[in-house]
Amino acid sequence: MFPISHFNITKTPFYYYDKTLLSNTLAKLIRLAGERNYHVHYAVKANANPEILKLIAASGIGVDCVSGGEIKAALEAGFPAKKIVFAGVGKADWEIEYALEKKIFCFNVESAEELSVIEELAKKKENIASIALRINPNIDAHTHEYITTGLSENKFGIPIEMLDSIFSQIQRSPHVQLVGFHFHIGSQILNLETFHVLCERINQLQDDLSKRNIQVKHINVGGGLGVDYENPDKNPIPDFGRYFDIFQHNLNLRGGQQLHFELGRSIVCQCGSLITRVLYVKKGIEKQFVIVDAGMTDLIRPALYQAHHCIENITSDMEKCRYDVVGPICESSDCFGKDVMLNETKRGDLIAIRSAGAYGEAMASQYNCRTLPGYLIE
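Residues numbered from 1 in each chain as written. Predicted model: local features only at pLDDT ≥ 70, side-chain atom pairs only at ≥ 80, totals over all residues. Heavy atoms only, no water.

## So, the overall build of the protein chain
So, point 1. A tally of regular secondary structure across the protein chain gives 11 helices and 17 strands.
So, point 2. The C-alpha atoms of the protein chain give a radius of gyration of 22 Å, which matches the 21 Å a tight globule of 378 residues would have.
So, point 3. With the C-alpha coordinates of the protein chain rotated into their principal frame, the extents come out at 70 × 40 × 35 Å.
So, point 4. Burial status across the protein chain gives 54% buried among its 378 residues.
So, point 5. Pairs at least 24 apart in sequence give 72% of the contacts found in the protein chain among residues at least 6 apart.
So, point 6. Element-wise, carbon and sulfur atoms account for 50% of the exposed surface of the protein chain, whose accessible area totals about 16,900 Å².
So, point 7. Distance between charge centroids for the protein chain: 3 Å, based on 39 positive and 45 negative side chains. (Helix = DSSP H or I, 4+ residues; strand = E, 2+ residues; numbered from the N terminus. Rg over C-alpha atoms; globule rule 2.2 N^0.38 Å. Buried < 20%, exposed > 50% of the residue type's maximum accessible area, 1.4 Å probe, protein only. Contact = heavy atoms within 4.5 Å. Areas by Shrake-Rupley, 256 points an atom, 1.4 Å probe, with all protein chains shown as cover. Lys, Arg positive; Asp, Glu negative; His and termini not counted. Charge placed at Lys NZ, Arg CZ, Asp CG, Glu CD.)

Structure, rendered in structure tokens:
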């Protein structure tokens, strides 16, 4: 799977992206979505590598952005403005103005306060902003507390109980146009029954609003589909068909309504691996430590929310031993995995940290004055 000869002359650490796997993932996603006439927007926050963005833009799907910088990156990669959705709980004025100038598809509005600012800025530009209301359905996605977004205690979205005043605000303004409702309940969701609950909440909401002659053209159910971090080779492409089937069989769309998804992790996660070199194998009293040249600055997921990644020694075929795989950062949380079974490891070996295509390179930092990781796409 990995072109070791290339890696031996490449400065580590770096991200390796399998272009063939990404293309196959996109092809399957687009085919299954197309069969159901669904619209998919790639969530840039998962991976904003410019070459990855160009590959995804070329596939023809849309894009979900959460900052002005992401909108700029998406446009530069070739995504058309008419397929850009702008989400995020804290949009700055300049970001809203930039999105209005570029004539994006719509803003996912998260509060009455944000709606007022968008209305004011659209009025100043003599423009009409298309908006979707992000509604917080108060659903527990049963995932890590840092990546759940659909509970009433989270900062995201508008509580259903506050919608009446929002509708009144929209009806009074000639500078905002309500085109949709948006929902996103969390990330890395493996229990797909959670999406059944989301469908039920949306159906109930639409039933209630229909009695008041309120209907929108677009329903956006966000993303959240999880991936297999344990067995990336066994399940390189998520089960998009089963995921889409849940909405096809349980969500009651109204006549003419179009369904949108914002998928990020499930598109890019498995195509990426962080390649790092072993600096030392340190023998302790009770443990052996594999100290690598990558750290939490290059892949923060394990330190941030105790995420698990499959870790492999790709240059050794010796018997397996038990190690803690750690980085060089001066933080105890700089650990990629404990009690990891690796082929016997020595200084100079190459280690692959798998399923790192999402929230890996995109979240890298220069803490400890380290340089950002490079990348190789093949």
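Text resumes after the structure shown.
## Some words on the packing of aromatic side chains
Given two aromatic rings, their pairing is described by the distance between the two centres and the angle made by the two planes.
So, point 1. Scanning the model with the defined rule gives 13 aromatic pairs in all.
So, point 2. Here Tyr 38 and Phe 261 contribute two aromatic rings whose centre-to-centre distance is 5.3 Å and whose plane-to-plane angle is 45°, an arrangement assigned as tilted. In this pair, Tyr 38 is assigned in the loop between helix H2 (19-35) and strand S2 (39-43) and Phe 261 in strand S10 (residues 258-263), connecting sequence segments 223 residues apart.
So, point 3. With a relative accessible area of 11%, Tyr 38 lands in the buried category.
So, point 4. Note on Phe 261: relative accessible area 0%, which makes it buried.
So, point 5. These aromatic residues form a ring-pair network of at least three members: Tyr 38, Phe 195, Tyr 243, Phe 244, Phe 247 and Phe 261.
So, point 6. Taking NZ or CZ as reference, Lys 91 lies 5.4 Å from the ring centre of Phe 86, over its face. (Phe/Tyr/Trp six-rings, centres within 6.5 Å; stacked < 30°, edge-to-face > 60°. Lys NZ or Arg CZ within 6 Å of the ring centre and 35° of its normal.)

## Some points on the pattern of salt bridges
So, point 1. Within this structure, the stated rule accounts for 17 salt bridges.
So, point 2. Among the salt bridges present, the one from Glu 35 reaches Arg 36, with a minimum N-O distance of 3.9 Å.
So, point 3. In this structure, Asp 339 engages Lys 287 in a salt bridge whose closest nitrogen and oxygen atoms are separated by 3.2 Å. Here the residue Asp 339 occupies a position in strand S15 (residues 335-343), and Lys 287 occupies one in the loop between strand S11 (272-283) and strand S12 (288-292), the gap between them amounting to 52 residues. (Salt bridge = Lys/Arg side-chain N within 4 Å of Asp/Glu carboxyl O.)

## What to know about the environment of Phe 261
So, point 1. The sequence separation of Phe 261 and Ala 43 amounts to 218 residues, and the corresponding C-alpha distance is 9.4 Å.
So, point 2. Discounting residues that sit within four places of it in the chain, Phe 261 has contacts with Tyr 38, His 39, Val 40, His 41, Asn 220, Val 221, Gly 222, Tyr 243, Phe 244 and Phe 247.

## As for the confidence of the model for the protein chain
So, point 1. Taken over all residues, the pLDDT of the protein chain has a mean of 93, while the share at 70 or more is 95%.
So, point 2. Here residues 140-152 scores under 50 on pLDDT; set against residues more than four positions off or in separate chains, the count is 42 contacts. (pLDDT = per-residue confidence, 0-100.)

## Description of the nonpolar core
So, point 1. Residues Phe 107, Leu 133, Phe 244, Phe 247 and Ile 267 are the most contacted members of the largest nonpolar core, which totals 97 residues.
So, point 2. Those residues in contact with Phe 244 that lie beyond four places of it in its chain are Leu 29, Leu 32, Ala 33, Arg 36, Tyr 38, Val 40 and Phe 261.
So, point 3. Counting eight residues, the second-largest nonpolar core is a separate cluster that includes Phe 2, Ile 275, Leu 350 and Ala 352. (Core = buried A, V, L, I, M, F, W, Y, C linked by side-chain atoms within 4.5 Å.)

## Section: the packing of helix H6 (residues 112-124) against helix H7 (residues 163-172)
So, point 1. The interhelical angle for the contact between H6 and H7, taken along N-to-C directions, is 5°, at an axis separation of 11 Å. With respect to H7, the element H6 is oriented roughly parallel. Residues Ala 112, Leu 115, Ser 116 and Glu 119 of H6 pack against Ile 166, Gln 169 and Ile 170 of H7. (Axes fitted to C-alpha atoms, helices over the stretch in contact; angles between N-to-C directions. Parallel < 35°, antiparallel > 145°, perpendicular 65-115°, else oblique.)

## A short note on the side chain of Asp 334
So, point 1. For Asp 334, the position within the fold is in the loop between strand S14 (320-326) and S15.
So, point 2. Of the buried charged residues, Asp 334 lacks a salt bridge, with Arg 370 as the closest side chain of opposite charge at 7.1 Å.
So, point 3. Excluding its chain neighbours within four sequence positions, the residues that come into contact with Asp 334 are Gly 295, Met 296, Val 326, Gly 327, Pro 328 and Ile 329.

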